[in-house]
Amino acid sequence: IGSGRFGNFVSATGLWTDRFLDPPEFDAIHGTGRSRTVFDRLDVRLNDVDTVHLNAQWAQSAFDVPNTFDQSAAGQSQHQRITTFNVAPGYSRVLSANMLLTANAFVRRDQVVYSSSADPLADESGTASQNRRLTNVGAKGDVSYVMGMHNVKVGGSISSTTLTENFSLGLTDPTINAPCVDDSGSPSGDTTLTDPSQCAGAGLTANDGFTPSLSPYDLSRGGGLFTFNGSATIKQQGAYLQDEIRAGNASFKLGVRFDRYDGLTSDSLVQPRLGVSYSVPASATILRASWGRTLETPYNENLLLSAGYGGASVLVGTANPPPPGHRDQGELGVEQAFGRWLVVDFGYFNKRTNNAYDFSVLFNTPIAFPVAWDHSRIDGFTGRISLVEHGGFSAFVVMAHTNAIYSPPGVGGVLLDQPAGDFRIDHDQKFNSTTNLQYVFHKPTGSWAALTWRYDSGLVAGSVPDYATAMTLTGDQQAAIGLYCGGTFAAVNAPITSCASSNRGATCVNIPADGAADDVTNPPRIAPRHLFDLGVGVDNVLRTSAAKLQVRLTVINLTNNEALYNFLSTFSGTHFVTPRAVQFQAGVTF
């Protein structure tokens, strides 16, 4: 609703589904969830030069954490609830024909409640619960000035983020921190053994990986829960100056930013930025290049626990808070038009980061903890080919290749494994592409059909470096990756524990040959996959000029391809793609 000086927009959405998160099995088990969101935007024009704005939002999601077959059989039942509210008032004033002042403030709170199973020992590997809050308060303002070829902006921001974390954890798998190992080096699940001094008497060997400080929290051996309660405030200040310059066929973007971070650690950085593009009209070519330096601040989610704050170092292994990272990033690109119908764009990017951040998940749950690795090297290319509509037909292809190599040691995380050397994270992929083909049958009604083809060559799956390791997985995990030996496939209740056949492997994971795995040059990867979506619709069923009735039907994963996104990933766990699903939508636009 609104008028010339007043406007208000309200949106309310809700969702209920029994596949709220991508599950660790092809069919969702214990996956029900719901979400609700209310958003309001208010604009009031006080006079010809002053305008005030207000954005307000409330959202909540509550969902079951999906189970594997093993977890379901054990009775695992974990839940998570996320509640968010955000209030952001704003003000703008036209100072002159060439100058504009804007100012904004914001208050946002996120609360996450994670509930473990009623029976802690029903939780696979470990039982965890948390209740954490993040409250962010801040303001920012800037002045824009346009004159001739220059568009200058100068501004700054200040914020304060209060973190409150309550967390508990207990180990339920006796092999996670077993004092002893057998002759093959596998951890012993004998819960009567609580100290390496008991190993010899049981015909076993002391486990070099045993951590005595975790023993009090091993529920399988009579321990209790580790509990953590912490609170801290993170403060940040920033200021920047930028100028966009247009000079004939060239465009320049120059800028510098200063950031100050005061959290569990402190850092400041001056960050220059430069971008340039040049249009060659004679050949319909656009060349571009950019470079910038950025301060990469630690993620706030579970930051205190990951930093070993208070007594949490028993889980983290260090009491050193993750420091901010420094990144240098460059990009080169070219866009070329061929006639009136075809446009090709290609870009290359390169990022180098000291104290490079990522997340590690806990026991295949949505609970994630920030990790700062010593440094990272990320580079790759992006591409797009677009066919402008001709005779009702249009198409585009987007593609990418990414190398993402990280280097230890890592700081942060919970129960984090330290790799021996450089490794590729599971954002690394040799090639992926999305192709969209669309045809408009009848323009007055807007009737159309579209086919989308998504190809992924496969993310890194570092937990299966060889076939021998795959045989140590549970039957459920082996079935998830499609492990086979000869003509025999693993099943949930029938794992493969030995294989003498040369015809062996997995249908959903590419496992390197024995002795050939390398974390950088030849890591295991998810098997390549092809996914197809088909959609048909009519954008103006009744051929009206005002309110228009729309209908559309979409089939997701048309071929019902059973494939993985990732498997036992340190950063994101195990997730399957969505099985074939049919979606119908109807709406009115006006």
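Structure shown above.
All of these numbers come straight from a predicted model, not from anything done at the bench. The residue count restarts for each chain, going from 1 along the sequence in the order it is written. In view of the model being predicted, local features appear only for residues whose pLDDT reaches at least 70, and side-chain atom pairs are presented and counted only at 80 or more, with totals across whole chains, interfaces and linings using the full set of residues. Here the side-chain values reflect all heavy atoms present in the structure, with hydrogen atoms and water set aside.

Attention now goes to the sheet that holds strand β23 (residues 504-506). Strand pairing in a sheet relies on backbone hydrogen bonds, with the paired strands running either antiparallel or parallel. For two strands to count as paired, DSSP must find a minimum of two bridges between them. Note on conventions: DSSP H or I runs of at least 4 residues are helices, E runs of at least 2 residues are strands, and numbering of each starts at the N terminus. With respect to topology, 3 strands assemble into an open sheet ordered β22-β21-β23, the strand pairing being antiparallel. Edge positions in the open sheet fall to β22 (488-489) and β23, since each of these has one partner strand only. Here strand β21 (residues 483-485) pairs with β23 via 3 bridges, running antiparallel. Within the sheet, the bridge partner assigned to Cys-485 lies in β23 and is Arg-504.

Moving on, we come to empty space enclosed by the protein. Cavities and pockets are defined on a 1 Å grid built over the protein atoms alone: a cavity is a set of grid points where a 1.4 Å probe fits but cannot escape, while a pocket is an open set with protein on both sides within 12 Å along at least five of seven lines, and lining residues are those with an atom within 4 Å of any such point. Grid points are joined across faces, edges and corners, and a volume is the space filled by probe spheres set on the points. Considering all chains together, one arrives at 2 cavities of 30 Å³ or more under this definition. What the largest cavity holds in volume is close to 50 Å³. Basically, the charged four are Asp, Glu, Lys and Arg, the nonpolar ten are Ala, Val, Leu, Ile, Met, Phe, Trp, Tyr, Cys and Pro, and anything else, Gly included, counts as polar. Residue composition of the lining of the largest cavity, by class: 4 nonpolar, 5 polar and 1 charged. Of the pockets and cavities examined, the second largest cavity occupies roughly 40 Å³. Arg-132, Arg-133, Leu-134, Leu-163, Thr-164, Glu-165, Asn-300, Glu-301 and Asn-302 are the residues that line the second largest cavity. Of all the elements in the fold, those that place two or more residues in the lining of the second largest cavity are β6 (126-147) and β7 (150-171).

With that settled, the discussion passes to the side chain of Asn-436. Looking at the secondary structure, you find Asn-436 in strand β19 (residues 429-442). Three labels apply to residues, based on accessible area from a 1.4 Å probe with only protein chains included: buried if under 20% of the type maximum, exposed if over 50%, partly exposed otherwise in between. By relative accessible area, Asn-436 is classed as buried at 14%. Any two residues having at least one pair of non-hydrogen atoms within 4.5 Å are treated as being in contact. Contacts of Asn-436, omitting those with residues within four sequence positions, involve Ser-394, Ala-395, Phe-396, Ala-450, Leu-451 and Thr-452.

The next point concerns unusual backbone geometry. The residue after Pro-408, namely Pro-409, is reached through a cis peptide bond having omega 5 degrees. Backbone geometry at Ala-284 places phi at a positive 55 degrees, although glycine is not the residue there. Structurally, the position occupied by Ala-284 is in the loop between β12 (266-280) and β13 (285-296). The phi torsion at Asn-355 lies on the positive side, around 60 degrees, for a residue other than glycine. Structurally, the position occupied by Asn-355 is in strand β15 (residues 342-361).

Moving on, we come to the nonpolar core. We call a set of buried residues a nonpolar core when its members are Ala, Val, Leu, Ile, Met, Phe, Trp, Tyr or Cys and they connect through side-chain atoms within 4.5 Å of each other. Ile-481, Leu-483, Leu-564 and Phe-567 are the most contacted members of the largest nonpolar core, which totals 25 residues. Counting residues per element, the ones that place at least two in this core are α4 (467-470), α5 (475-481), β21 and β28 (564-569). Aside from chain neighbours lying at most four places away, what touches Phe-567 is Ser-463, Val-464, Leu-473, Gln-477, Ala-480, Ile-481, Ile-526, Gly-573 and Thr-574.

Before going further, it helps to examine the state of the cysteines. Working definition: a disulfide is two cysteine sulfur atoms within 2.5 Å of each other. Within the structure shown, the criterion is met by 2 disulfides. A sulfur-sulfur distance of 1.9 Å marks the disulfide that ties Cys-180 to Cys-199. Disulfide Cys-180-Cys-199: the torsion about the S-S bond is -85 degrees, which places it as left-handed. Residue Cys-180 is located in strand β8 (residues 180-181), and its partner Cys-199 is located in the loop between β8 and β9 (205-206); the two are separated by 19 residues in the primary sequence. For the pair shown, Cys-180 and Cys-199 are each scored as buried. Cys-485 shares a disulfide with Cys-499; S-S distance 2.0 Å. An S-S torsion of about 90 degrees defines the bridge between Cys-485 and Cys-499 as right-handed. With Cys-485 in strand β21 and Cys-499 in the loop between β22 and β23, the pair connects residues that are 14 residues apart, well separated along the chain. A residue is classified by how much of its surface remains accessible, and Cys-485, at 14% relative accessible area, is buried. For the protein chain, the bonded cysteines connect in the pattern 1-2, 3-4 when numbered consecutively along the sequence.

This brings us to the layout of surface pockets. In this model, the second largest pocket occupies a volume close to 460 Å³. Of all elements in the fold, only β7, β10 (226-247), β11 (250-262), β12 and β13 reach the threshold of two or more residues within the lining of the second largest pocket. Along the lines of polarity and charge, the residues of the lining of the second largest pocket split into 8 nonpolar, 9 polar and 9 charged.

Now for a nonpolar patch on the surface. Patch membership needs two things, relative accessible area over 30% and no salt bridge, and members are linked within 9 Å if like-charged or within 5 Å if nonpolar (Val, Leu, Ile, Met, Phe, Trp, Tyr). Methods summary: accessible areas were calculated by the Shrake-Rupley approach with a probe of 1.4 Å, and residue burial reflects only the protein chains presented. Any carboxyl oxygen of Asp or Glu within 4 Å of a side-chain nitrogen of Lys or Arg constitutes a salt bridge here. Taken together, the side chains of Val-10, Val-38, Leu-54, Trp-58, Phe-85, Val-87, Val-107 and Val-137 define a hydrophobic patch exposed on the protein surface, amounting to about 590 Å² of accessible area. Breaking the nonpolar patch down by element, the ones donating at least two residues are β3 (50-64) and β4 (79-96). Examined against the element boundaries, Val-38 turns out to sit in strand β2 (residues 33-45). In this structure Val-38 comes out as partly exposed when scored by relative accessible area, which is 40%.

Below, the discussion takes up the pattern of salt bridges. Scanning the entire structure with this criterion turns up 20 salt bridges. Across the pair Asp-43 and Arg-41 runs a salt bridge, and its minimum N-O distance is 2.8 Å. Bridged by salt links that share partners, the residues Arg-5, Arg-45 and Asp-48 form one connected network.

Turning our attention to the side chain of Asp-428. Position of Asp-428 among the secondary structure elements: in the loop between β18 (423-424) and β19. Nitrogen and oxygen atoms within 3.5 Å of one another constitute a polar contact, given that in protein one can donate a hydrogen and the other can accept it, and given that sequence-neighbouring residues count only through two side-chain atoms. A distance of 2.6 Å separates a polar atom in the side chain of Asp-428 from a polar atom in the side chain of Arg-424.

Once that is clear, we can look at the environment of Gln-130. Relative to the helices and strands, Gln-130 is located in strand β6. Overall, the relative accessible area of 5% leaves Gln-130 in the buried class. Sequence separation between Gln-130 and Ala-97 is 33 residues; the distance between their C-alpha atoms is 53 Å. Leave out the neighbours within four places in its chain, and Gln-130 touches Val-112, Val-113, Tyr-114, Asn-166, Phe-167, Asn-302 and Ile-367. Reaching out from Gln-130, the side chain makes a polar contact with the side chain of Arg-132 at a distance of 3.3 Å. Engagement of the side chain of Gln-130 in a polar contact is seen with the side chain of Asn-302, the distance being 3.0 Å.

This next bit is on the packing of aromatic side chains. Aromatic rings from Phe, Tyr and Trp, with only the six-membered ring used for Trp, were paired whenever their centres fell within 6.5 Å, and each pair was classed as stacked if the ring planes differed by under 30 degrees, edge-to-face if by over 60, and tilted otherwise. One pass over the structure, following the stated rule, counts 13 aromatic pairs. Judged by centre distance (5.9 Å) and plane angle (85 degrees), the rings of Phe-167 and Phe-369 are edge-to-face. Placement of Phe-167 in strand β7 and of Phe-369 in strand β16 (residues 368-390) is noted, with a sequence separation of 202 residues between them. Accessibility expressed as a relative area gives 5% for Phe-167, which makes it buried. By relative accessible area, Phe-369 is classed as buried at 1%. Where Tyr-299 meets Phe-359, the ring centres are 4.4 Å apart and the plane angle is 15 degrees; that geometry is what we call stacked. In this pair, Tyr-299 sits in the loop between β13 and α2 (303-306) while Phe-359 sits in strand β15, placing the two residues 60 residues apart along the sequence. Residue class for Tyr-299 comes out partly exposed when judged on its relative accessible area of 32%.

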